[in-house]
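A look at the structure
The lines below spell out each chain.
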Amino acid sequence: MKIGDWQATAELNKIYGDARELGLETNIAELEAYGFTIVEPHKVKAGDLFERMLAAVKVLCEQEDKDGRPLGRLLGATSDYTRLVYAIISRNPLFAEALMHPVALTLGRYLMGASCRLFTTSAFVKQGKATPTVLHTDSAGTPPPLYPFGLTCNISWILTDYTEESGTFAMVPGSHRYCRHPTPTDLPKFMGGPNDDNICVPVCAPAGSLIVFNGNTWHGTYPKTSAAFRAHVVTAFCRNYLLPAENCDDVPSALVEKYGKEFAHLLSRNTWQGYKAAGPGPGSLQDVWRANFTPSA
């Protein structure tokens with residue numbers, strides 16, 4: 001089908017056209033049907049970016065606290081070695097390069113609308129054995145029923161081979177359409193619940209891939225049984241009206257100037273929210289006005 005200059009889908013026309021040029025139509029179909037997809041390395045075409053990011057993540061891990069971050073424990077997981085490193089976009093320009101990569105940006109905009117913003121950038125690292133992370137959604141703090149189009153999405157940059165033995169993602173296909181969070185009775189047996197283990201599927205992907213999923217999709221991790229180093233970086237997006245999890249005020253101005261207005265918007269530098277007596281800045285509310293009518297805007 002030839003996509004025209006259709007007024008009702010003005011933003012989607014451009015986003016979908018970009019997706020078609022990048023060969024992502026199958027990935028979009030999988031996101032719609034199952035709530036997640038794998039973008040293979042030959043589609044991502046990121047050169048040595050994954051290798052450079054892996055080296056940068058290892059440096060960040062050396063700088064983190066000895067015990068790692070507590071999030072893994074909050075989600076029910078323990079491991080021999082865990083590092084969850086947050087707000088990494090301000091710590092190395094490589095992560096801005098990843099954020100602005102056309103494949104990641106196109107899928108983020110498809111899922112969260114053209115006016116989407118950056119939600120968080122973080123690195124997840126495990127080494128040695130680890131227990132599973134329990135099923136959850138990335139729509140934290142949102143009461144049910146969840147919005148059917150999702151408020152966040154996760155773009156995970158796979159820096160090492162992700163297999164079931166290395167503790168890859170455990171996804172529940174189609175769960176993005178349930179519009180609710182999983183409960184303890186939904187958990188499979190390998191996560192300590194009563195449900196069948198085959199409710200989840202292991203999302204196996206080689207280094208250099210992207211694993212992308214809707215924020216409503218139920219996901220956790222499989223137990224890590226191998227000693228291998230496992231790492232991925234997340235560049236997550238959210239809708240324009242959601243308060244991002246990460247404050248990007250410390251991102252260097254030179255980096256914002258390098259990538260321009262598009263990057264500044266993603267970092268919430270020109271949003272209408274947060275105004276004081278002077279009110280919203282000129283044009284900032286108008287920039288997101290179309291989102292009043294369509295989730296693609």
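Before going into details, it helps to say that this report is about the structure given with it. (Residues numbered from 1 in each chain as written. Predicted model: local features only at pLDDT ≥ 70, side-chain atom pairs only at ≥ 80, totals over all residues. Heavy atoms only, no water.)

1. Focus: the pattern of salt bridges
- Tallying each qualifying case throughout the model produces eight salt bridges.
- Arg 52 is the salt-bridge partner of Asp 48, the closest N and O atoms lying 2.9 Å from each other.
- Judged by relative accessible area, Asp 48 falls into the partly exposed class, the value being 44%.
- Arg 52 sits in the partly exposed class, given a relative accessible area of 30%.
- In this structure, Arg 109 and Glu 262 form a salt bridge, with 2.6 Å as the shortest nitrogen-oxygen distance. Of this pair, Arg 109 sits in helix 7 (residues 102-112) while Glu 262 sits in helix 9 (residues 261-266), and the two are 153 residues apart along the sequence.
- A single salt-bridge network, built from bridges that share partners, covers Asp 48, Arg 52 and Glu 97. (Salt bridge = Lys/Arg side-chain N within 4 Å of Asp/Glu carboxyl O. Buried < 20%, exposed > 50% of the residue type's maximum accessible area, 1.4 Å probe, protein only. Helix = DSSP H or I, 4+ residues; strand = E, 2+ residues; numbered from the N terminus.)

2. Considering the packing of helix 1 (residues 10-21) against helix 7
- Two numbers describe how helix 1 lies on helix 7: the axes approach to 9 Å, and their chain directions differ by 140°. What the angle tells us is that helix 1 and helix 7 run oblique. Remark: the crossing between helix 1 and helix 7 carries left-handed chirality. Counting all contacts with helix 1, which are made through Leu 12, Ile 15, Asp 18 and Ala 19, the residues of helix 7 involved are Thr 106, Arg 109 and Tyr 110.
- Residue composition of the contact of helix 1 with helix 7, by class: four nonpolar, one polar and two charged. (Axes fitted to C-alpha atoms, helices over the stretch in contact; angles between N-to-C directions. Parallel < 35°, antiparallel > 145°, perpendicular 65-115°, else oblique. Left-handed = near helix turned anticlockwise from the far one by under 90°. Contact = heavy atoms within 4.5 Å. Nonpolar A, V, L, I, M, F, W, Y, C, P; charged D, E, K, R; others polar.)

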